Amino acid sequence: MQHTLLFFLSFTLVACGANIDVRTPIPHGLISDSEKGGYRSINIRADEAEASSGFIRSLSNNLRQHLSELALYPKKEGSLKVRIQIIGYEINGGTSREVMGVLAGADEVKSRVQVINTATDQVIGESIIFTSSAMAYGQKAMAWVHADDIVTFLSTAD
């Protein structure tokens, strides 16, 4: 019984994961300054990735909700904007997930997230965020998990 419980606990922990590769950390004052800190706009695109419009819409809604809960969005006087480019997208279809469950493999999304100073149009923060989950069911759930990983980067300063 203990071995079975340990197996399922280990499997669950391995089933979800995020890798946040911070290439350029966001300067602390640009996030924490209550008057100037925060993000004016969020732009998401999926140039070469096969991400669906439903996934992009869900990701956008979830990002806006998470950031607004942290009082980081929308900031009309904010000096920062967010550019997200989805560079990898592999989500199992509903049928394979229904039939195979966790055994269908992990869903994966990879994005390049850039924080841009609106005054100078310079990239002041950048990260590659890879989210993998065998437990998230469908595009909306995966959009929620990926948004949470992106917000971790956008709300953490150097």
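These numbers come from a predicted model, not from an experiment.

### A look at helix α5 (residues 138-154)
In a regular helix each residue adds 1.5 Å, so 17 residues correspond to 24 Å; α5 covers 24 Å between its end C-alpha atoms and thus fits that length. Considered for burial, the residues of α5 that qualify are Met-142, Ala-143, His-146, Ala-147, Asp-149, Ile-150, Val-151, Phe-153 and Leu-154.

### Structural notes on the pairing of strand β3 (residues 80-90)
Relative to β3, strand β2 (residues 39-45) runs parallel, the two being bridged by six bridges. Paired with Asn-43 across the two strands is Arg-83, which belongs to β3. Following the chain from β2 across helix α3 (residues 53-69) to the adjacent parallel β3, one finds a crossover that is left-handed. Here 10 bridges tie β3 to strand β4 (residues 107-117), and the two strands are oriented antiparallel to one another. In the strand pairing of β4, Ile-86 is matched with Ser-111.

### Points about unusual backbone geometry
With an omega of -15°, the peptide bond running from Tyr-73 to Pro-74 counts as cis. Tracing the chain through its elements places Pro-74 in the loop between α3 and β3. Not every positive phi belongs to a glycine, and Ala-71 is a case in point at roughly 60°. Tracing the sequence through the fold places Ala-71 in the loop between α3 and β3. A residue is classified by how much of its surface remains accessible, and Ala-71, at 49% relative accessible area, is partly exposed. A positive phi angle, near 60°, is found at Asp-121, a position not held by glycine.

### Considerations on the pattern of salt bridges
Scanning the model with the defined rule gives three salt bridges in all. Residues Arg-112 and Glu-126 are paired through a salt bridge, measuring 3.4 Å at the closest nitrogen-oxygen approach. You can see Arg-112 sitting in strand β4 and its partner Glu-126 sitting in strand β5 (residues 122-133), a full 14 residues away along the chain. On the basis of relative accessibility, which here comes to 25%, the residue Arg-112 falls in the partly exposed class.

### A word on the environment of Ser-32
Structurally, Ser-32 is set in helix α2 (residues 28-32). Along the chain, Ser-32 and Leu-72 lie 40 residues apart, while their C-alpha atoms are 9.0 Å from each other.

### Things to note about α3
A rise of 1.5 Å per residue sets the reference length of α3, with its 17 residues, at 24 Å; its end C-alpha atoms lie 24 Å apart and thus fit the reference within 8%. Inspection of α3 places Phe-55, Ser-58, Leu-59, Ser-60, Asn-62, Leu-63, His-66 and Leu-67 among the buried residues, and these make up the whole buried set. Packed against the buried residues of α3 are β2, β3, β4 and α5.

### As for the nonpolar core
Core analysis: the biggest nonpolar cluster contains 31 residues, and Tyr-39, Phe-55, Leu-59, Leu-63, Ile-86 and Leu-154 have the highest contact counts within it. Breaking this core down by element, the ones donating at least two residues are β2, α3, β3, β4, β5 and α5. Per element, the largest residue contribution to this core is seven residues, and it comes from α5. Once residues lying within four places of it in the same chain are set aside, the contact partners of Leu-63 are Ile-42, Ile-44, Ile-84, Ala-147, Ile-150 and Val-151.

### Side note on the confidence of the model for the protein chain
Any region with low pLDDT has predicted coordinates that should not be read closely. For the protein chain, the mean per-residue pLDDT works out to 81, and 77% of the residues sit at or above 70. Scored below 50 in pLDDT, residues 3-14 shows one contact in the model against residues more than four places distant or in partner chains. Note that pLDDT drops below 50 for residues 95-100; the model gives that stretch 13 contacts with residues more than four away or on any other chain.

About the thresholds
Residues numbered from 1 in each chain as written. Predicted model: local features only at pLDDT ≥ 70, side-chain atom pairs only at ≥ 80, totals over all residues. Heavy atoms only, no water. Helix = DSSP H or I, 4+ residues; strand = E, 2+ residues; numbered from the N terminus. Expected span 1.5 Å × (residues − 1). Buried < 20%, exposed > 50% of the residue type's maximum accessible area, 1.4 Å probe, protein only. Pairing = 2+ DSSP bridges. Right-handed = clockwise from strand over helix to strand, strands pointing away. Salt bridge = Lys/Arg side-chain N within 4 Å of Asp/Glu carboxyl O. Contact = heavy atoms within 4.5 Å. Core = buried A, V, L, I, M, F, W, Y, C linked by side-chain atoms within 4.5 Å. pLDDT = per-residue confidence, 0-100.

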